[in-house]
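Examination of the molecular architecture
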Amino acid sequence: MRRVAAGAALGLLAVVPLLVSSNVADMLSRVLAFALLALGLDLLAGIGGLPSLGQAAPFGVGAYTAALLAKHATTVAPLQLLAATAAGAALSAAVGWLLVRSRGTYFLMLTLAVGEIVHELADRWEGVTGGTNGLAGIPAITLVPGGAPVRLAGVRYWYVLAAVLVCGAALVTVSRSAFGRTLRGVRDNEERMRSLGYRTFLPKYAVFCIAGAAAGAGGALWVARARFVSPADLGFEVSAMALLAVVIGGRGSLWGAALGAAVVVLVREELSPQLGGRGPLVLGLVFVAAVYLLPRGFAGTRLRWPSSPGDHPGGPPDPAGRRGTAAT
Amino acid sequence: MTAVLGDNLVTIVDGVAFGVLLFTIAVGLSLVFGIMDVLNLAHGALYLVGAYLADQFAGDGQAGIGGFLVAGLAATVVGAAAGAGLAVMTRPLARRGHLDQALLTLGVALIVGDLLSARFGNDVQSVPPPRFLAGSVSLAGRDYPSYRLAVIVAGLLLAVIVYLLVERSRVGALVRATVADAPMVRAMGVDTGRLVMAVFAFGVMLACLGGVLGAPVLGAYPGLDERVLILGLVVVVLGGLGSVGGAFLGAMVIGQVEVLGVSLLPQYASFLVFGTMALVLLARPAGILGRAGKLG
């Protein structure tokens, strides 16, 4: 059942450019790039138990890396993607060494501070980042060295889709591996894991770097479509949107996070212009509504299915606020 | 020699003025976090509400001290009501963990920030100080805005009041006991729910008052809420959670670092602030006056 649904969703995603206008394909590219950021954050927050309010930092670093490469070195998209992934991971590796020693709300605060400092850096370092104006005039991507620039929205969408599928599959593999199980153990009871002989610092540090890599890759894909990057792309609002996507999708459920990302981007970019540009207001209302109405996110809000009596929609919340132990 | 002294003295006094403003933000954040483990991300937005209240009642510069008193009164009422409201809103989420509560306040922060920019626009509103404080006084041979000295006096007064309330009063003792061991306080028959609401209201009220006090110094503009929230968080992390003295110490340190940084190395001011935080965290992970037990 699950496989059929996943296959149908993938098939539908693959034929999208043949069915819809280029505007819609562009919008779906944005959704996919943002979904990769949300997937990484879900691995970190939902499975690793480390909710970050600073994931816009590696996302933005990846975006700037791809943009600078495109302007000065290479327009080959996979190379940009690799470099941005490495840049996102490198940033996370640098700050994570200190950050993952903290937990819970404290971690939330520190990641927020790191997000802010990177935002400030993008704002101030005008020689490289173009300051508040950002970097415009980024050349279109090419898929292979010496290839033709990709100008069709549909082809660009296919590239973004392929990249997100590869990275997403990697994240799913990580979440299902022994490492993923260790992470869940650390999330649920770090003391017990420690007494079982695990060194809990290393898995936390590793998942922080993996989430940073995913965010960096998402940033590169974001720039591949937008061909523009500014400090707003790594602002607090992006971090907040990513966390919102994870929360309304259902913490710990990777497909839920992808769905949450779609909802957040659609609300933010499609709905709010029609409401007079009050994006933050709409986002805030969605936040408040999601916290009260969707405590387990989409993934935890199940319809009653006759063959699986274990699921109770609206059942009592788990103690200690831990949800979403399903793998994907 | 006196010129160097004068320059530095002015910067240091500026830092103290900025520090006491930061204290009004940080102490509320710190107490709310300490007593109920809620990271109130709407704190900066409520500071901004206070700043816009000052703009509303004293923005034209004609109202004199009266405008500021009205704004301060409004900030007290609005801040206390908002704090109590936030306490009520976060309570049903208490069983679901800290992240949900933080997310709720984040949503509230986005809503309040956007409503403020819809009402007051996106420009920087500068608020003139009350007329009798609009001049400057001589400080080591330099002219220094007298309003900033008034901010220091008012801020220190607030700090003393908060200190006496939290560290020397019966209610304060209950608050500190709740920070240390809430189930035990409940077992002794104290209604911690009401206590929590009072602390939340008091903390948010202080942030709102800080906004009124700081409006002639920092102005009021969209984005200021984030800036003061982040600096407040840095102060709290630096000083240690749930400690009034820590919040004061942290605010003084960050006030100096920020103002000195802006005057000496404007490009790197924020790096100095966060660098200071990183250094303190490396040396003392629980903050200068914090206890390691609150880290989890």
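Residues numbered from 1 in each chain as written. Chains lettered and ligands numbered in written order. Predicted model: local features only at pLDDT ≥ 70, side-chain atom pairs only at ≥ 80, totals over all residues.

Moving on: the overall build of chain B. Each helix and strand counted, chain B has 10 helices and two strands in total. Beginning at the N terminus, the succession of helices and strands in chain B can be written as α-α-α-α-β-β-α-α-α-α-α-α. Over its C-alpha trace chain B gives a radius of gyration of 19 Å, about what one expects of a compact globule, namely 19 Å for 296 residues. Principal-axis analysis of the C-alpha atoms places the extent of chain B at approximately 60 × 45 × 35 Å. Taking all 296 residues of chain B together, 53% fall into the buried category. A fraction of 76% describes how many contacts in chain B between residues 6 or more apart in sequence connect residues 24 or more apart. (Helix = DSSP H or I, 4+ residues; strand = E, 2+ residues; numbered from the N terminus. Rg over C-alpha atoms; globule rule 2.2 N^0.38 Å. Buried ≥ 20, exposed ≤ 12 C-beta atoms within 10 Å, placed from the backbone. Contact = placed C-beta atoms within 7 Å.)

With 34 residues of chain A at the interface, the matching set in chain B holds 38 residues. Elements that contribute at least two residues to the side of chain A that touches chain B include exactly helix 5 (104-124), helix 11 (236-249) and helix 13 (279-293) of chain A. No other element matches helix 5 of chain A, which puts 12 residues into the side of chain A that touches chain B. Within the side of chain A that touches chain B, the residues separate by chemical class into 23 nonpolar, five polar and six charged. (Nonpolar A, V, L, I, M, F, W, Y, C, P; charged D, E, K, R; others polar.)

Moving on: the packing of helix 3 (residues 56-72) of chain A against helix 4 (residues 77-99) of chain A. Residues and elements named next belong to chain A. Two numbers describe how helix 3 lies on helix 4: the axes approach to 8 Å, and their chain directions differ by 145°. The way helix 3 lies across helix 4 gives a crossing that is right-handed. Counting all contacts with helix 3, which are made through A57, P58, V61, G62, T65, A66, L69 and A70, the residues of helix 4 involved are Q80, A83, A84, T85, A87, G88, L91 and S92. A per-class count over the contact of helix 3 with helix 4 returns 10 nonpolar, six polar and no charged. (Axes fitted to C-alpha atoms, helices over the stretch in contact; angles between N-to-C directions. Left-handed = near helix turned anticlockwise from the far one by under 90°.)

What follows is about the pairing of strand 1 (residues 136-139) of chain B. Residues and elements named next belong to chain B. Relative to strand 2 (residues 142-145), strand 1 runs antiparallel, the two sharing four bridges. Each residue of the ladder has a partner; that of L139, found in strand 2, is R142. Taking the residues that link successive antiparallel strands as the turn, the strand 1-strand 2 hairpin has two residues, and the phi of A140 there is positive, at about 50°. (Pairing = 2+ DSSP bridges.)

Residues and elements named next belong to chain A. Take A224: it is sitting in helix 10 (residues 201-226). By C-beta crowding, A224 is classed as buried, having 27 other C-beta atoms within 10 Å. Taking C-alpha positions, A224 is 8.2 Å from A67, a pair spaced 157 residues apart along the chain. Every residue in contact with A224, bar those within four places of it in the chain, is listed here: A66, A77, I141, R156 and V160.

Residues and elements named next belong to chain B. Here M205 is to be found in helix 7 (residues 192-218). Taking the C-alpha atoms as reference, M205 lies 11 Å from L29; in sequence the two are 176 residues apart. Excluding its chain neighbours within four sequence positions, the residues that come into contact with M205 are T76, G79, A80 and G83.

Bringing the confidence of the model for chain A into the picture now. Per-residue pLDDT for chain A has a mean of 82; in total, 90% of the residues score no lower than 70. Note that pLDDT drops below 50 for residues 303-328 of chain A; the model gives that stretch 40 contacts with residues more than four away or on any other chain. (pLDDT = per-residue confidence, 0-100.)

Residue and element names in this part refer to chain A. The biggest cluster of nonpolar side chains holds 208 residues, and the ones touching the most others in it are A38 and L244. Take this core: its biggest share by element is 17 residues, from helix 2 (residues 22-47). Residues in contact with L244, not counting those within four places in the same chain, are V264, L283, V286, F287 and A290. (Core = buried A, V, L, I, M, F, W, Y, C linked by C-beta atoms within 7 Å.)

Bringing unusual backbone geometry into the picture now. Of note, the phi angle at A:R227 is positive, near 55°, even though the residue is not glycine. Mapped onto the secondary structure, A:R227 falls in the loop between helix 10 and helix 11.

This next bit is on the confidence of the model for chain B. Residue and element names in this part refer to chain B. On average, chain B scores 84 in pLDDT, and the residues at 70 or more come to 94%. Within chain B, helix 10 (residues 269-283) has the poorest average pLDDT of any element, 77, and helix 2 (residues 43-58) the best, 91. Interface confidence for the predicted complex, given as ipTM, is 0.79, next to a pTM of 0.83.

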